[in-house]
Amino acid sequence: MNSITLLQPGKIEFGEGSLGKLSEDSILETSHKILLLVATPLMYAVEETGNVLRSKNKEVSLVEYKFVGEPTFAQFNTLLEENEGFNPDCVIGIGGGSVLDCAKLLAALINNTQRLEDVVGIGLLNGRKIKLICIPTTSGTGSEVSPNAILLNEATNAKSGIISPFLVPDACYLDPALTVSLPPKLTAETGIDALSHCIEAYTNKFAHPTVDTYALRGVQLISENLLKAYQNGNDIEARSAMLLGSMYGGLCLGPVNTAAVHALSYGLGGKFHVAHGLSNAILMPEVLRFNLPSNPKRHAEVARALGITWNGKDENIASLGIEKIEGLSIACGIPQKLSEIGITEKVLPELADIAMKVTRLLKNNPREVTRQDAINIYKKLL
């Protein structure tokens, strides 16, 4: 059995109302200057926490995260410059994946001799002295438990990853009540993103038994609860299951990571600013069909986790699983074709060129993807 390294937060607090326990966290007890980076819709939810911390003689800087879409290098660098002077000893991120990724990078790069451009890639960050707590408000990226941060690189029209054990938060709070107000469209797109993390980890070339358990349980939780959460955002049990499934997907990202679905989505996000979850939702079924011959057994096991009970050949079971994903996506109102979101055939070669540069993910794919393969996959989705 291959060796593997699992990196996880020292503390994971899960449950409805867990945000109320934040001000009592031992990390904050020993912190003096606390920076909270908070998504706009959640500013009201953290006011009480900020006041409690101030009552304990903590200096608190409440920073509203205002970026629309995925943050760019330039936007993050501006955020860094604006907050370095506060010199926090703890950073707390509260929001979706982009908010958490920026919070993670702030904790690592404030008063660091390294700049953002120095740490793009795997294992280049020299450390992190500032404590870090992440609190997700979507059930999607799993950033609250992963060593990854993703930003949009304007120079390449693609997303760039900063991967480091120093980006794993010290603690995370998963409060499903914070996800209740997430609109149906974002519930669907972020939920499919979380599903893709689990599926790509399980069918990965470097899949490992220590992560397989997380991946399959995540697939089951998300497939059983996404439509419920989409149809009724106040269903706290469905929201809880989605948040847990998303966390399982995030735990897969460090040791195993994603593959061709994510690689092929990078150009859609970078060049055309298509939401990350939407890109993955459109691409995933066709990429899975491409990958299926490489390991029918694994893909059939994913189908079983999706709820397929039919008995037969692995190839047929796996195909039913892919159809189940498509059906779930349709039921949640997600477009099924790239042409529905404005992508035309003439841009496919450029999208393929961008995807081919995402070697850190393509190397994980169970089947080699050539430039022409990428073009063919995109073309089937027009």
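Higher on the page you've got the structure.
Residues numbered from 1 in each chain as written. Predicted model: local features only at pLDDT ≥ 70, side-chain atom pairs only at ≥ 80, totals over all residues. Heavy atoms only, no water.

### Quick word on the overall build of the chain
Okay, step 1: When you go through the chain residue by residue, the secondary structure sums to 15 helices and nine strands.
Okay, step 2: Against the globule reference of 21 Å for 382 residues, the chain gives a C-alpha radius of gyration of 20 Å, in line with a compact fold.
Okay, step 3: Taken along its principal axes, the extent of the C-alpha atoms in the chain is 65 × 45 × 45 Å.
Okay, step 4: For the chain, buried positions account for 58% of its 382 residues.
Okay, step 5: Within the chain, contacts between residues at least 6 apart in sequence are counted, and of these 78% link residues at least 24 apart.
Okay, step 6: Split by element, the accessible area of the chain, about 15,000 Å² in all, is 51% carbon and sulfur.
Okay, step 7: Charge-centre separation for the chain: the mean point of 34 positive side chains lies 4 Å from the mean point of 40 negative side chains. (Helix = DSSP H or I, 4+ residues; strand = E, 2+ residues; numbered from the N terminus. Rg over C-alpha atoms; globule rule 2.2 N^0.38 Å. Buried < 20%, exposed > 50% of the residue type's maximum accessible area, 1.4 Å probe, protein only. Contact = heavy atoms within 4.5 Å. Areas by Shrake-Rupley, 256 points an atom, 1.4 Å probe, with all protein chains shown as cover. Lys, Arg positive; Asp, Glu negative; His and termini not counted. Charge placed at Lys NZ, Arg CZ, Asp CG, Glu CD.)

### Observations concerning the pairing of strand β2 (residues 33–39)
Okay, step 1: Counting buried residues in β2 gives six out of seven residues, a clear majority hidden from the surface.
Okay, step 2: The pairing of β2 with strand β3 (residues 59–65) spans seven bridges and is parallel. Within β3, the residue paired with K33 across the bridge is E59.
Okay, step 3: Following the backbone out of β2, through helix α2 (residues 43–55) and into the adjacent parallel β3, one traces a crossover that is right-handed.
Okay, step 4: Here β2 pairs with strand β4 (residues 90–95) via five bridges, running parallel. (Pairing = 2+ DSSP bridges. Right-handed = clockwise from strand over helix to strand, strands pointing away.)

### Looking at empty space enclosed by the protein
Okay, step 1: Applying the stated rule across the entire model yields two cavities of 30 Å³ or more.
Okay, step 2: In this structure, the largest cavity encloses a volume near 60 Å³.
Okay, step 3: Forming the walls of the largest cavity are I199, L288, H299, V302, A303, L306, A318, G321, I322 and I325.
Okay, step 4: When residues of the lining of the largest cavity are traced back to their parent elements, those giving at least two are α11 (296–305) and α12 (314–331).
Okay, step 5: No other element matches the four residues that α12 contributes to the lining of the largest cavity.
Okay, step 6: Looking at the lining of the largest cavity, its residues break down into eight nonpolar, two polar and no charged. (1 Å grid on protein atoms, 1.4 Å probe; cavity = no way out; pocket = protein on both sides within 12 Å on 5 of 7 lines; lining within 4 Å. Points joined across faces, edges and corners; volume = space filled by probe spheres on them. Nonpolar A, V, L, I, M, F, W, Y, C, P; charged D, E, K, R; others polar.)

### Details of the environment of A318
Okay, step 1: With respect to the helices and strands, the residue A318 is situated in helix α12.
Okay, step 2: Sequence spacing of A318 and A303 is 15 residues, and the spatial spacing of their C-alpha atoms is 5.5 Å.
Okay, step 3: With residues up to four places along the chain from it excluded, the contact list for A318 reads L292, P296, H299, A300 and A303.

### Some remarks on the packing of helix α6 (residues 184–202) against helix α9 (residues 260–272)
Okay, step 1: For the pair α6 and α9, interaxial distance at closest approach is 9 Å and the crossing angle is 135°. As summarised for this structure, α6 and α9 are arranged oblique, according to the angle between their axes. In this structure, α6 uses D193, S196, H197 and E200 to contact α9, whose residues at the interface are A260, V261 and H262.
Okay, step 2: Looking at the contact of α6 with α9 residue by residue, the class counts come to two nonpolar, three polar and two charged. (Axes fitted to C-alpha atoms, helices over the stretch in contact; angles between N-to-C directions. Parallel < 35°, antiparallel > 145°, perpendicular 65-115°, else oblique.)

### Remarks on the side chain of S223
Okay, step 1: Tracing the sequence through the fold places S223 in helix α7 (residues 209–231).
Okay, step 2: A distance of 2.9 Å separates a polar side-chain atom of S223 from the backbone oxygen of V219.
Okay, step 3: Among the polar contacts listed, one links the side chain of S223 to the backbone oxygen of Q220, at a separation of 3.1 Å. (Polar contact = N/O pair within 3.5 Å; in protein donor to acceptor, adjacent residues only side chain to side chain.)

### Remarks on the sheet that holds strand β5 (residues 121–122)
Okay, step 1: Here we have three strands laid out as an open sheet, ordered β5-β8-β7, and mixed in their pairing. Pairing within the sheet leaves two strands with one partner each, and these edge strands are β5 and β7 (148–153).
Okay, step 2: Taken strand by strand, α9 contacts β7 and β8 (158–163), and its axis lies near 115° from that of β8.

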